[in-house]
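An overview of the molecular structure
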Protein chains: 2
Amino acid sequence: MKIRNRIITAAETAFDHCGFTATGMDRLTETANVSSRTLYKHLGNKNALIVAALEHRRRRFFAQLDVESVDALFAALLDWTEAEGARGCLFLRANGETGGEVPEISDAVTAYRTDLRDLIERLVVSEIGSTHETDTILVLFEGAVTAACYRGTQAIAAARTAAAVVLKQPRQPQ
Amino acid sequence: MKIRNRIITAAETAFDHCGFTATGMDRLTETANVSSRTLYKHLGNKNALIVAALEHRRRRFFAQLDVESVDALFAALLDWTEAEGARGCLFLRANGETGGEVPEISDAVTAYRTDLRDLIERLVVSEIGSTHETDTILVLFEGAVTAACYRGTQAIAAARTAAAVVLKQPRQPQ
DNA sequence: GCAAATGTAAAACGACCGTTTTACATTGTC
DNA sequence: GACAATGTAAAACGGTCGTTTTACATTTGC
């Protein structure tokens, strides 16, 4: 189980840094220090490796985002970005590159989105007692991830401040 | 100049719907109703066609976003999304698929980002008299585009409301 | 100590794809 | 009415890439 993990870990960073299509099997075997035969024996094919890398990313990401407030969520995103860099949401990119035509990959992306929304909803409810601003915080989170690609961590800081403002705001009648 | 335009227009929607890598030259010639020889004579190669399609998208997009307030900006984004669908920012996707290693494409993406930020900055200044909340609105805009992929137009509505709240908020001392 | 399992190294396969070329039809202009 | 210019249709080229195969080395458990 050690080799499989090494392959997946190396693949996650390779895909993140160079893209899914642009990363060939030769680079994946190289960075994982395994032969192509071993890689195929352990993962089956490239799509399965992409799925495994996405699931690995999902676990790592939400492990770092295991927080108890919306403010701490953005603080954790800041830490993540400072450690990992900002190249956009890996799941969004995976979906874009495959055109949503690889079901297993789409499933992995959907799983991530569900987890993210569940997390945010839980935090929002514990903070203001209703789910009412969940989409707002979700938008701020997604926007922070995307805008950080070219505005850096100050995009995350801006999202963090805006989230605080929105949640402090007295609930408007619909 | 009519054929070139037909090729670029068809390419823009093909790339948008199926992705850049996943869209082969055969599909591009098919949807534009031209021979491959004509396509190459007019555009040169696939990367140049991608750049042309991105520039075409940029012109169309900002033509629809020619507004005078932040609220109208999100209203215009709503209109755009209802007409075109939500598949994520085409420029972000282009960058992701090429790994940022095709300079001409990266330039087109940078041009879009610059235009978007300039537009938002202009609107924010005209609304609150300072550039202070530009990054916040930018984050909300990017987040709305991304989240609309799986939350639909209500993500844009949430961003729109949040933008109004943020801009109404009394300026906090730094 | 010897199979069986598991690994490496590297060549080969087969399909796909961007691009070019060949051969031919259509058009507009002097 | 001939001749560029510009178009189509389709075959061919050449490289890349995911995947498989061949040949061989190394571990591991009975």
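Anything mentioned here points back to the structure above.
One structure accompanies this document, and this report is about it.

**Topic: the side chain of A:R93**
All names here are of chain A.
- Turning to its location among the elements, R93 is positioned in helix α6 (residues 90-98).
- Of the polar contacts made by the side chain of R93, one reaches the backbone oxygen of F15; its length is 3.5 Å.
- Contacts of R93, omitting those with residues within four sequence positions, involve F15, D16, G19, F20, R87 and G88.

**With respect to the environment of A:F141**
Residues and elements named next belong to chain A.
- Summarising the element assignment, F141 is placed in helix α8 (residues 134-151).
- The buried category is assigned to F141, whose relative accessible area is 1%.
- Along the chain, F141 and R6 lie 135 residues apart, while their C-alpha atoms are 30 Å from each other.
- When residues no more than four places from it in sequence are discounted, the contact partners of F141 are F61, L65, L73, F74, L77, Y112, L116 and I120.

**Brief notes about the interface of chain A and chain B**
- Each side of the interface is counted separately: chain A has 33 residues, and chain B has 33 residues.
- Together chain A and chain B conceal approximately 2900 Å² of surface at their shared face, both sides included; 66% is due to carbon and sulfur atoms.
- Residue A:D135 is joined to B:R151 by a salt bridge in which the shortest nitrogen-to-oxygen separation is 3.0 Å.
- Here chain A and chain B share 4 residue pairs in polar contact (both at pLDDT 80 or more) between them.
- Every element with two or more residues in the side of chain A that touches chain B is listed here: α6, α7 (103-128), α8 and α9 (153-168) of chain A.
- Here the residues of the side of chain A that touches chain B sort into 16 nonpolar, 11 polar and 6 charged.

**Regarding the relation of the copies chain A and chain B**
- Mapping chain A onto chain B calls for a screw motion: a turn of 180° about the axis and a shift of 0.0 Å along it, with 0.0 Å RMSD after fitting. The superposition of one copy onto the other is thereby described by a two-fold rotation axis. Taking C-alpha positions as the reference, the residue of chain A nearest the rotation axis is A:G143, at 1.7 Å.
- Most of the interface of chain A is mirrored in chain B, where 100% of its interface residues are also at the interface.

**Examining the protein's contact with DNA strand D**
- For DNA strand D, the set of nearby residues contains 16 residues, the closest of which are A:M25, A:R37, A:Y40, A:K46 and B:T38.
- Taking the atoms of DNA strand D that fall within 4 Å of the protein, sugar and phosphate contribute 53% of them.
- A distance of 2.9 Å separates a phosphate oxygen of DNA strand D from a polar atom in the side chain of A:Y40.
- Take B:H42: an N or O atom from its side chain is 3.3 Å from a phosphate oxygen of DNA strand D.
- At the level of elements, α3 (36-43) of chain A together with α3 (36-43) of chain B are the ones that each hand at least two residues to the surface near DNA strand D.
- Ranked by residues supplied to the surface near DNA strand D, first place goes to α3(B) with 4 residues.
- Residues that form the surface near DNA strand D fall into these classes: 4 nonpolar, 9 polar and 3 charged.

**Some remarks on the protein's contact with DNA strand C**
- A:T38, B:M25, B:R37, B:Y40 and B:K46 are the nearest of the 15 residues found near DNA strand C.
- A breakdown of the atoms of DNA strand C within 4 Å of the protein gives sugar and phosphate a share of 49%.
- Contacts to DNA strand C include A:H42, whose side-chain N or O atom sits 3.2 Å from a phosphate oxygen.
- Of all the elements in the fold, those that place two or more residues in the surface near DNA strand C are α3 of chain A together with α3 of chain B.

**So, the environment of A:I3**
All names here are of chain A.
- Structurally, I3 is set in helix α1 (residues 2-18).
- Between the C-alpha atoms of I3 and T31, which are 28 residues apart in sequence, the distance is 12 Å.
- Excluding its chain neighbours within four sequence positions, the residues that come into contact with I3 are V34, T38 and H42.

Definitions and cut-offs
Residue numbers restart at each chain and count upward from 1, following the sequence in its written direction. To read the labels, note that chains go from A and ligands from 1, taken in the order they are written. The predicted origin of the model limits local features to residues at a pLDDT of at least 70 and limits the giving and counting of side-chain atom pairs to 80 or more, whereas totals for whole chains, interfaces and linings rest on all residues. No hydrogens and no water enter the side-chain calculation; it runs on all heavy atoms of the structure. Under the scheme used here, helices are H or I runs from DSSP no shorter than 4 residues and strands are E runs no shorter than 2 residues, and both carry numbers assigned from the N terminus. In protein, a polar contact means a hydrogen-donor-capable atom and an acceptor-capable atom, both N or O and within 3.5 Å, with residues adjacent in sequence counting only if both atoms are side-chain atoms; elsewhere, any N or O pair within 3.5 Å suffices. Two residues form a contact once any of their heavy atoms are found within 4.5 Å. For each residue, the accessible area found with a 1.4 Å probe, counting protein chains only, is set against the maximum for its type, and the residue is called buried under 20%, exposed over 50%, and partly exposed in between. By definition, the buried area sums, over both parts, the 1.4 Å-probe accessible area that each loses when the two are put together. The term salt bridge refers to a pairing of a side-chain nitrogen on Lys or Arg with a carboxyl oxygen on Asp or Glu at a separation within 4 Å. Each residue is assigned to one of three groups, with Ala, Val, Leu, Ile, Met, Phe, Trp, Tyr, Cys and Pro labelled nonpolar, Asp, Glu, Lys and Arg labelled charged, and all others, Gly among them, labelled polar. Superposing the copies works by least squares over the C-alpha atoms of residues that have pLDDT at least 70 in both of them. The near set for a molecule or strand comprises every residue that places at least one heavy atom within 4 Å of it.

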